[in-house]
Amino acid sequence: MIINTTILSWVTFVYFASAIFYIFRMVTGKEFWGPLASFSALVGLIAQTGALILRWVESYKMGIGHAPLSNLYESLIFFAWTIVLLYLIMEWRIKTRNLGAFVIPFAFLSMAYASFSPHVSSRIQPLIPALQSNWLISHVITCFFGYAAFTIACGLGLMYLLKGLEKGGVSRPFLRFLPGRKTLDELSYHSVVIGFIFLTLGIITGSVWAYSAWGSYWSWDPKETWSLITWLVYAAMLHSRFVRGWRGKRMAVMSIIGFVSVLFTYFGVNYLPGLHSYF
Amino acid sequence: MKKAVLSFLSSLKLTIGLFIIIAVASLLGTVIPQQYDGGESIRHLNPALVKVFESLQLFDMYHSIWFIILMGLLSLNLTVCSLNRFPTSWKLFRKIPSLDRSKPFENLSPDRILATEKERNEVIFGVERLLLKRYKRVRRKDTANTTFFYGQKGAYSHFGVYVIHASILIVIAGAIIGSLLGFEAFVNLPEGESTNTVHLGRQKVIKNLDFAVRCDKFSIAYYDNGMPKEYRSDLSFLKDGDVIYQGPLLVNHPVTVNGIRFYQASYGSTPGDQALITIKKGNEAGTTITARLKDSLHLKEKDATVKILRIEENLMSMGPAVLISIQSPERNMRFWVFKDIERIKQGIPDLFKKVPRFNPGLFEPYYFKLNEIEKKYYTGLQLSHDPGVSIVASGSFLIIIGFLITFFSSHKRFWVRVDGEEGKSRISVAASSTRDPVGLKRETENLMRHLKSTI
């Protein structure tokens, strides 16, 4: 096994530990677990960054150098990386560890799928002609930052709905440690905005690429179409917030629906015929 | 009535409804096979269902009338909404609220108030200079013992949403222009051949170009592990016999000639006009030659002339074969030589009795063996001419600017009040913003810091 994949499978466990610590912190209400959780997430992120750089370098040593963003394995790893990076920036900016229990598990799941699924090959493969483009990096990066922001928004939406149980008379100690519903709503909105901008950039870079690779900037390929569907879901969400002033529960539900659409754009499309068959 | 129509067209319900309908329709289009899939998967469907789908244009949904109507409605909704709301935004942009309002100053937190020993006039002078430097449309109003200032920032943020909506209309306009004035076409071009006719996209119609394209060579390069590394066509473009452009065409690197973009889309192979043939007598090794279609070669011993009349890639589903003609003083004959004759004979042991023309040893004592036929690649070229692209591109660029304005700027208003008695002045600052309370707080804190340093 090549060294970078070994590091990456260890990172999977580090994220698992981090997720567990965040959940302990939430359930027990003891701050003791907090720094441990943040620290392991940070260690995981640094190790993962190192492994990604190593993988990049290794591909050059193999004579087929390209950014590690070219197949399902690499995209899953990068997805986890963007989730943890965005999350840690958020944690640092808003100075609360309350969100980790609902975000880091997504990063762990993505890493685990990449590392342990028998259907996902971790080999470094050369780029087929269609992928040999300068647009590969900008397209993949913008898309996955968008996906990551939507993932965080979904985590926040789930937290919002959980927190809503309190109002219904359910009283669990851990509910008290969740941030207030207004804060959750604001944060979720900001994540959706970031995701929406990145998704739009991802669609634009993708169509520029398609224009030079396939001869048309838009060909209704299933992945293109699903990215449009996702875009419409979040556009609807933003409009109902701006124009109608919808807040709270409805937004939380929509951020979860949006995330389902993101997941389908990412994975589900592989089961449909189309041009995006590399991921 | 007219009012009701207008209010329906500008309603958010219509917008959200259209979003949902377009999303669901697009979703269906990814599940129902679309025509350009070649129709293979349609055959598995129930014929009655196919009829229903066909009448609803579900097999070419994204170009169907009703999908275009949906897009048209969305554009209309976008336009009416924007026109409806624009006057309000314009007012918000232009209007300067009254300066001597007391409401903003109610319940002001202590860190928004500065006290100083300085002379009031001096303070007013400093405040005014600072505000003029930092904000737009600064106004001042003096009353008996109080001076009010107003300044603002980011009023343009009211227009962000119109920039976004306009850019979406621009993208749609570009797409319409492209589909009306542009075309997509394809052509399969064997190596060494040239053409000026291509097949138009979905309509199987032929289009003539005013120049010809010739494929000089097609080649594939592979990585060590067998994955394809490069598909490359060396093309020449000719007009009136002159080469107007010559160069390689690679995937991801289209070539534009006379406003038409050429793409390396696919490839395939057809038999060429050469075959590698071994002619032997009895058990001797024989001679192997590369024979060209229609060229003749001489067999001295029998004074015979051998010619290859046809080269087939897959004759009667039995693989590659060549048709050989023999002309000699004894007799003239024609027979087929299959590459896989040994395998074919195993399947049909009495083949030569049934079909003597399939016997490669028919011209005794010679025996012909086909080693290989030359394969000629053809390159699959995709052509497109789309005059709407630059419009779509500028719309896409504009939408990002619209996002930055809408999501990252806000209209921030500041009221500054200077009052106080002899030898003692007080500055109070009140602020409001359309969105972005965090940014407002940061900006107000900056303003307080600067005020502090001026007094």
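The structure displayed is predicted, hence computed values, not measured ones.

Chemist: Before we move on, can you summarise the overall build of chain A with the specific residues and values?
Modeler: Secondary structure summary: chain A contains nine helices and zero strands in total. Counting helices and strands in the order they occur from the N terminus, chain A gives α-α-α-α-α-α-α-α-α. Principal axes of the C-alpha set define a box for chain A whose edges measure 60 × 45 × 30 Å. Counting the 279 residues in chain A, one finds 59% classified as buried. Contacts in chain A between residues far apart in sequence, at least 24 positions, make up 78% of those at least 6 positions apart. For chain A, the computed accessible surface area is about 11,700 Å², with 71% contributed by carbon and sulfur atoms.

Chemist: I'd like a description of the overall build of chain B, backed by residues and values.
Modeler: Helix and strand counts for chain B come out as 10 helices and 18 strands. Its C-alpha atoms give chain B a radius of gyration of 40 Å, more than 25% over the compact-globule value 23 Å for 455 residues. Projecting the C-alpha coordinates of chain B onto the three principal axes gives extents of approximately 135 × 55 × 45 Å. Evaluated residue by residue, chain B yields a buried proportion of 43% over its 455 residues. Residue pairs in contact within chain B that sit at least 24 positions apart in sequence constitute 60% of those at least 6 positions apart. Surface exposure of chain B reaches about 25,200 Å², of which carbon and sulfur atoms provide 56%. Taking the average location of the 61 positive side-chain charges in chain B and that of its 43 negative ones, the two points are 9 Å from each other.

Chemist: Describe the packing of helix H5 (residues 135-167) of chain A against helix H7 (residues 181-213) of chain A, and please don't skip the residues or the numbers.
Modeler: Residue and element names in this part refer to chain A. At a minimum axis distance of 7 Å, the contact between H5 and H7 shows a crossing angle of 160°. The angle between the axes of H5 and H7 places the two elements in the roughly antiparallel class. For the element pair H5 and H7, the recorded crossing hand is left-handed.

Chemist: Report on the packing of aromatic side chains, specifying residues and quantitative values.
Modeler: Residue and element names in this part refer to chain A. Summed over all chains, the structure comprises 51 aromatic pairs over all chains. Here the aromatic rings of Phe16 and Phe108 are separated by 4.9 Å at their centres, their planes lie at 45°, and the arrangement is tilted. Of the two residues, Phe16 sits in helix H1 (residues 3-28) while Phe108 sits in helix H4 (residues 100-116), which places them 92 residues apart along the sequence. With a relative accessible area of 38%, Phe16 lands in the partly exposed category. Centre to centre, the rings of Phe150 and Tyr234 are 3.7 Å apart; their planes meet at 5°, and the pair counts as stacked. Residue Phe150 is located in helix H5, and its partner Tyr234 is located in helix H8 (residues 222-242); the two are separated by 84 residues in the primary sequence. Of the two residues examined, Phe150 and Tyr234, each falls in the buried class. Among the aromatic side chains, those forming a connected cluster through ring pairs are Phe78, Phe79, Trp81, Tyr113, Phe144, Phe145, Tyr147, Phe198, Tyr266 and Phe267.

Chemist: Account for the environment of Phe59(B), with residues named and values stated.
Modeler: As for its position among the elements, Phe59(B) is in the loop between helix H3 (47-55) and helix H4 (65-94). On a C-alpha basis, the gap between Phe59(B) and Gln34(B) in space is 4.6 Å, while along the polypeptide they are 25 residues apart.

Chemist: Which residues make up the pattern of salt bridges, and what values go with them?
Modeler: Residue and element names in this part refer to chain B. Under the counting rule described, the total for this entry stands at 20 salt bridges over all chains. The salt bridge partner of Arg140 is Asp142, with a shortest N-O separation of 3.1 Å. Judged by relative accessible area, which is 38%, Arg140 ranks as partly exposed. Overall, Asp142 belongs to the partly exposed group, its relative accessible area being 45%.

Chemist: An account of the sheet that holds strand E17 (residues 412-419) of chain B is requested, with residue identities and associated values reported.
Modeler: Residues and elements named next belong to chain B. The five strands are arranged E1-E18-E17-E3-E2 in an open sheet whose pairing can be described as antiparallel. Bordering the open sheet on either side are strand E1 (113-116) and strand E2 (136-142), each of which pairs with just one other strand. Strand-to-strand twist across the sheet, computed as the mean angle between neighbouring axes with direction ignored, equals 15°. Pairing of E2 with strand E3 (residues 146-153), which is carried by five bridges, proceeds in the antiparallel orientation. Among the inter-strand pairings, Asp142 is bridged to a residue of E3, identified as Thr147.

Chemist: For the pairing of E17(B), give the residues involved together with the corresponding values.
Modeler: All names here are of chain B. Most of E17 is tucked away: eight of the eight residues are buried. The alternating pattern of E17 places Lys412, Phe414, Val416 and Val418 and Arg413, Trp415, Arg417 and Asp419 on opposite faces, both of which are buried. Both E3 and E17 contribute to a ladder of eight bridges, which runs antiparallel. Looking across to E17, one finds that Phe148 is bridged to Arg417. The pairing of E17 with strand E18 (residues 425-433) spans eight bridges and is classified as antiparallel. Across the sheet, the residue bridging to Arg413 is Ser432, located in E18.

Chemist: Account for the sheet that holds strand E12 (residues 296-299) of chain B, with residues named and values stated.
Modeler: All names here are of chain B. Taken in spatial order, the four strands of this open sheet run E12-E13-E14-E15, and their pairing is antiparallel. Two strands lie at the open edges of the sheet, namely E12 and strand E15 (332-338), each paired on one side alone. Between one strand axis and the next, the sheet turns by 30° as a mean value, whatever way the strands run.

Chemist: Summarise the packing of H7(A) against helix H9 (residues 389-408) of chain B; cite the residues concerned and give the values.
Modeler: Interaxial distance between H7(A) and H9(B) falls to 11 Å at its minimum, and their mutual angle equals 165°. By the angle class used here, H7(A) and H9(B) are roughly antiparallel. The chirality of how H7(A) crosses H9(B) is left-handed. Residues Tyr189(A), Val193(A), Ile194(A), Phe196(A), Ile197(A), Thr200(A), Leu201(A), Ile204(A) and Tyr211(A) of H7(A) lie in contact with H9(B), whose contacting residues are Val389(B), Ser396(B), Ile399(B), Ile400(B), Phe403(B), Phe407(B) and Phe408(B).

Chemist: I'd love a proper account of the environment of His190(A), names of residues and values included.
Modeler: As for its position among the elements, His190(A) is in helix H7. For His190(A) and Ala153(A), which are 37 residues apart along the polypeptide, the C-alpha to C-alpha distance reads 8.2 Å.

Chemist: Would you mind going over the pairing of E1(B) in detail, with residue names and values included?
Modeler: Residue and element names in this part refer to chain B. Across the two faces of E1 the burial differs, with Leu114 and Thr116 buried and Ile113 and Ala115 not buried at all. Pairing of E1 with E18, which is carried by four bridges, proceeds in the antiparallel orientation. Among the inter-strand pairings, Thr116 is bridged to a residue of E18, identified as Ser425.

Chemist: Could you give an account of the side chain of Arg417(B), naming the residues involved and the relevant values?
Modeler: All names here are of chain B. Tracing the backbone shows Arg417 in strand E17. Residue classification places Arg417 among the buried positions, given a relative accessible area of 18%. With near-sequence residues (within four places) excluded, Arg417 lies in contact with Phe105, Thr146, Thr147, Phe148, Arg426, Ile427 and Ser428.

Chemist: Can you tell me about the confidence of the model for chain B, naming the residues and giving the values?
Modeler: Residues and elements named next belong to chain B. Overall, the predicted model of chain B reaches an average pLDDT of 88, with 97% of residues at or above 70. The weakest mean pLDDT in chain B belongs to H3 at 79; the strongest belongs to H9 at 95. Here the predicted complex carries an ipTM of 0.90, next to a pTM of 0.86.

Chemist: I'd like a description of the state of the cysteines, backed by residues and values.
Modeler: Residue and element names in this part refer to chain A. The final tally for this structure, using the stated rule, is zero disulfides over all chains. Unpaired in this structure, Cys154 has its nearest cysteine sulfur neighbour in Cys143, at a distance of 19 Å. Taking relative accessible area as the criterion, Cys154 reaches 4% and is therefore assigned buried.

Chemist: I'd love a proper account of the interface of chain A and chain B, names of residues and values included.
Modeler: The interface is formed by 45 residues belonging to chain A together with 43 residues belonging to chain B. Approximately 3,700 Å² of surface area, both sides summed, lies buried where chain A meets chain B, with 71% of it carried by carbon and sulfur atoms. Among the residues of chain A in contact with chain B, Tyr211(A), Tyr217(A) and Trp220(A) are the three that bury the most area, contributing 18% of the side total. For the pair chain A and chain B, the interface holds 11 residue pairs in polar contact (both at pLDDT 80 or more).

Thresholds, definitions, all that
- Residues numbered from 1 in each chain as written.
- Chains lettered and ligands numbered in written order.
- Predicted model: local features only at pLDDT ≥ 70, side-chain atom pairs only at ≥ 80, totals over all residues.
- Heavy atoms only, no water.
- Helix = DSSP H or I, 4+ residues; strand = E, 2+ residues; numbered from the N terminus.
- Buried < 20%, exposed > 50% of the residue type's maximum accessible area, 1.4 Å probe, protein only.
- Contact = heavy atoms within 4.5 Å.
- Areas by Shrake-Rupley, 256 points an atom, 1.4 Å probe, with all protein chains shown as cover.
- Rg over C-alpha atoms; globule rule 2.2 N^0.38 Å.
- Lys, Arg positive; Asp, Glu negative; His and termini not counted.
- Charge placed at Lys NZ, Arg CZ, Asp CG, Glu CD.
- Axes fitted to C-alpha atoms, helices over the stretch in contact; angles between N-to-C directions.
- Parallel < 35°, antiparallel > 145°, perpendicular 65-115°, else oblique.
- Left-handed = near helix turned anticlockwise from the far one by under 90°.
- Phe/Tyr/Trp six-rings, centres within 6.5 Å; stacked < 30°, edge-to-face > 60°.
- Salt bridge = Lys/Arg side-chain N within 4 Å of Asp/Glu carboxyl O.
- Pairing = 2+ DSSP bridges.
- pLDDT = per-residue confidence, 0-100.
- Disulfide = S-S within 2.5 Å.
- Buried area = accessible area lost by both parts, 1.4 Å probe.
- Polar contact = N/O pair within 3.5 Å; in protein donor to acceptor, adjacent residues only side chain to side chain.

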